[in-house]
Amino acid sequence: MAADPGLNPAPSDGRPPLRRLAPLALQHVLAMAATPVSTVFLVAASLRLTPAQTASLLSAVLLVSGAGSVLQSLGVWEFGARLPFVMLPGGAATALFVQIAHDHGPAVASGSVLLAAALLLAVTPWCGRVVRLLPPLVMGVTVLLVGISMVRVTTQLLTGPGGQAATPGASAAAGLTVLVTLVAHLLLRGAWRQSAVLLGLVGGTLLTVVSGLGRLAPAAGAGVSLPHLLPYGTPVFDLPAALPLLLFSLTSLAEATGQTVLNSDVPDPGRDVPRVARADALASLLGGVLGTPPMVTSSENIGINRLTGVRSREVTAAAGALLIAAGLFSPLSRLVAGLPAAVVAGSALVVYAAIIVMGVEMLNRVRASDPATTEPLTVGLALTAGLLPVVAPGLYAGLPATVRTVLGSGVVAGTLTAILLHALTRAASPARARGALGPPVRGR
């Protein structure tokens, strides 16, 4: 009996039977749905958006995620790798977007997204060289500082911008959301486990509403809706403020390289990585106009490809079409826009905890046990530079505005310190090696 082609591992051009295309695409959507939802609420809660504005932002994020997934899967000219990829708002990029919006305003954050996307487009011809400048040491410092910084920002969803004490009800609602997410992650498997954050949002909301700790307040409206252009006004281009996202756009090339190696049909991903990066940049440009954080190609669906044995770009393109339809379906986005802020805070803490763990895992590659290496000291100094503005927010208050913008951002200060120290120690290594060999011996 012939095997079902939808169940066999297939090249990325393989097309499963139509009877399996919809459920396979829906499985991808379920696995990735938590990311756009949690992203929207991180942004909306930090910027104090109204339910209607939150619904519009969710519509924009779903539309751009869907369009980016279709672009990566099918490809147009040199944009899109034509591989089974999906696209989502980047976790670290969202944290940086929120931080910039919190410190400088949402118009500056949108301008920063556009600048970062333009930089990514510009450097794609030199992907390999850029990646070599950003080793795991630098990326680990950056990701770890992003997680730590955003935990501080997220607590303001519970305490308010003034930092007053959180109400017992808000703390309880956030704790219930974390608990439901943790239970889902521990007990479930497969795509359901990957949706633990989404299940935590749903379960946390139900428990919060039933217990009277909060209420669900959907935005008014029905039918089909389109996101608003330039929802925060004309974007403002501020290079010092945009530095965190500019650095992120460069570090994203390393992640794109790894994902392409995992998902490509060919052993050399040199052809596909620039196409992945260009599609990310194009989607981010569209997202910047619609008020979203930067978009990145996600590795979440690669696990589903392996789990199901179906690796088809037709499936991920169909998943993108479902995301577009969800973005246009107004009742869904308006219902989600009414989730209690404390529930969103609990979900956000889980997301940023995961980002912190990612940073720690990257830093585990540092050769801390080798007494001859300077990498541990580099990491320590970079983390110190990044934590100073977190533990002492007024430390640089007396410096000029441009310098304060750079040093006052823990992510920027720590990342730049890591890059400079890493480059310095690499440059000093050959000299150290020559000194250890002693002076050259002259012939008689």
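What counts, and at which threshold
- Residues numbered from 1 in each chain as written.
- Predicted model: local features only at pLDDT ≥ 70, side-chain atom pairs only at ≥ 80, totals over all residues.
- Heavy atoms only, no water.
- Helix = DSSP H or I, 4+ residues; strand = E, 2+ residues; numbered from the N terminus.
- Contact = heavy atoms within 4.5 Å.
- Buried < 20%, exposed > 50% of the residue type's maximum accessible area, 1.4 Å probe, protein only.
- Phe/Tyr/Trp six-rings, centres within 6.5 Å; stacked < 30°, edge-to-face > 60°.
- Core = buried A, V, L, I, M, F, W, Y, C linked by side-chain atoms within 4.5 Å.
- pLDDT = per-residue confidence, 0-100.
- Axes fitted to C-alpha atoms, helices over the stretch in contact; angles between N-to-C directions.
- Parallel < 35°, antiparallel > 145°, perpendicular 65-115°, else oblique.
- Left-handed = near helix turned anticlockwise from the far one by under 90°.
- Nonpolar A, V, L, I, M, F, W, Y, C, P; charged D, E, K, R; others polar.
- Salt bridge = Lys/Arg side-chain N within 4 Å of Asp/Glu carboxyl O.
- Expected span 1.5 Å × (residues − 1).

A. Up close: the overall build of the chain. Secondary structure summary: the chain contains 19 helices and two strands in total. Nonlocal contacts in the chain, meaning residues at least 24 apart in sequence, comprise 82% of its contacts between residues at least 6 apart.

B. Inspection of unusual backbone geometry at higher detail. Residues other than glycine seldom take positive phi values, yet Arg-48 does so here, at roughly 55°. Position of Arg-48 among the secondary structure elements: in the loop between helix 2 (34–47) and helix 3 (51–74). The backbone of Arg-82 sits at a positive phi, close to 55°, despite the residue not being glycine. Judged by its relative accessible area of 34%, Arg-82 falls in the partly exposed class.

C. Representation of the packing of aromatic side chains in the model. Under the counting rule described, the total for this entry stands at one aromatic pair. Both rings, one in Trp-77 and one in Phe-79, keep their centres 6.2 Å apart while their planes meet at 40°; by these two values the pair is tilted.

D. Region of interest: the side chain of Thr-292. Counting through the fold element by element, Thr-292 comes out in the loop between helix 12 (272–290) and strand 2 (295–298). Discounting chain neighbours no more than four positions away, the residues touching Thr-292 are Leu-57, Ala-60, Val-61, Phe-97, Val-113 and Gly-287.

E. Geometry of the nonpolar core. With 62 residues, the main nonpolar core has Val-141 and Val-146 as its most contacted residues. Top contributing element to this core by residue count: helix 7 (residues 136–159), with nine residues. The next biggest cluster of nonpolar side chains, apart from the first, holds nine residues, and it includes Ala-60, Phe-79, Met-87 and Met-295.

F. Structural detail: the confidence of the model for the chain. This prediction gives the chain a mean pLDDT of 78; 75% of its residues lie at or above 70. At the level of individual helices and strands, the chain shows its lowest average pLDDT in helix 13 (residues 300–308), which scores 55, and its highest in helix 5 (residues 106–123), which scores 94. A low-confidence stretch, residues 1–11 stays under pLDDT 50, and its non-local contacts, those more than four residues away or across chains, total 19 contacts. Residue range residues 440–444 is modelled with pLDDT below 50. Its contacts to residues more than four positions away, or to other chains, number zero contacts.

G. Representation of the packing of helix 8 (residues 168–187) against helix 10 (residues 196–210). Contact geometry of helix 8 with helix 10 gives a least axis separation of 8 Å together with a crossing angle of 140°. With respect to each other, helix 8 and helix 10 are oriented oblique. The hand of the helix 8/helix 10 crossing is right-handed. The segment helix 8 lies against helix 10, with Ala-173, Leu-176, Thr-177, Val-180, Thr-181, Ala-184 and His-185 engaging Ala-196, Val-197, Leu-199, Gly-200, Gly-203, Gly-204, Leu-207 and Thr-208. Here the contact of helix 8 with helix 10 is built from residues that sort into eight nonpolar, seven polar and no charged.

H. The environment of Ala-392, seen in detail. The topology assignment puts Ala-392 in the loop between helix 17 (375–391) and helix 18 (401–407). Given the relative accessible area of 26%, Ala-392 is considered partly exposed.

I. View of the environment of Thr-154. Mapped onto the secondary structure, Thr-154 falls in helix 7. Sequence separation between Thr-154 and Ser-46 is 108 residues, and the spatial gap between their C-alpha atoms is 7.7 Å.

J. View of the packing of helix 5 against helix 12. The interhelical angle for the contact between helix 5 and helix 12, taken along N-to-C directions, is 160°, at an axis separation of 8 Å. What the angle tells us is that helix 5 and helix 12 run roughly antiparallel. Judged by the sense of rotation from one axis to the other, the crossing of helix 5 with helix 12 is left-handed. Within the contact between the two elements, helix 5 uses Ser-110, Val-113, Leu-114, Ala-117, Ala-118, Leu-120 and Leu-121 and helix 12 uses Ala-277, Arg-278, Asp-280, Ala-281, Ser-284, Leu-285, Gly-288 and Val-289. Tallied by class, the residues present in the contact of helix 5 with helix 12 amount to 10 nonpolar, three polar and two charged.

K. Structural view of the pattern of salt bridges. In this structure the tally under the stated criterion is two salt bridges. When the shortest N-O distance is used, the salt bridge between Glu-78 and Arg-275 registers 3.4 Å. With Glu-78 in the loop between helix 3 and strand 1 (86–89) and Arg-275 in helix 12, this pair connects stretches of sequence that are 197 residues apart. Here Arg-275 falls in the buried class, since its relative accessible area comes to 13%. Put simply, Arg-278 and Glu-78 hold a salt bridge, and the shortest N to O gap is 3.8 Å. Here Arg-278, found in helix 12, pairs with Glu-78, found in the loop between helix 3 and strand 1; they are 200 residues apart in sequence, far enough to count as distant. Taking the relative accessible area as the measure of exposure, Arg-278 reaches 19% and is therefore buried. Salt bridges linked by common partners bring Glu-78, Arg-275 and Arg-278 together as one network.

L. Looking closely at helix 5. For helix 5, built from 18 residues, the straight-helix expectation of 26 Å at 1.5 Å per residue is met to within 8% by its first-to-last C-alpha distance of 26 Å. Of the positions making up helix 5, those classed as buried are Ala-107, Val-108, Ala-109, Ser-110, Gly-111, Ser-112, Val-113, Leu-114, Ala-116, Ala-117, Leu-120 and Val-123.

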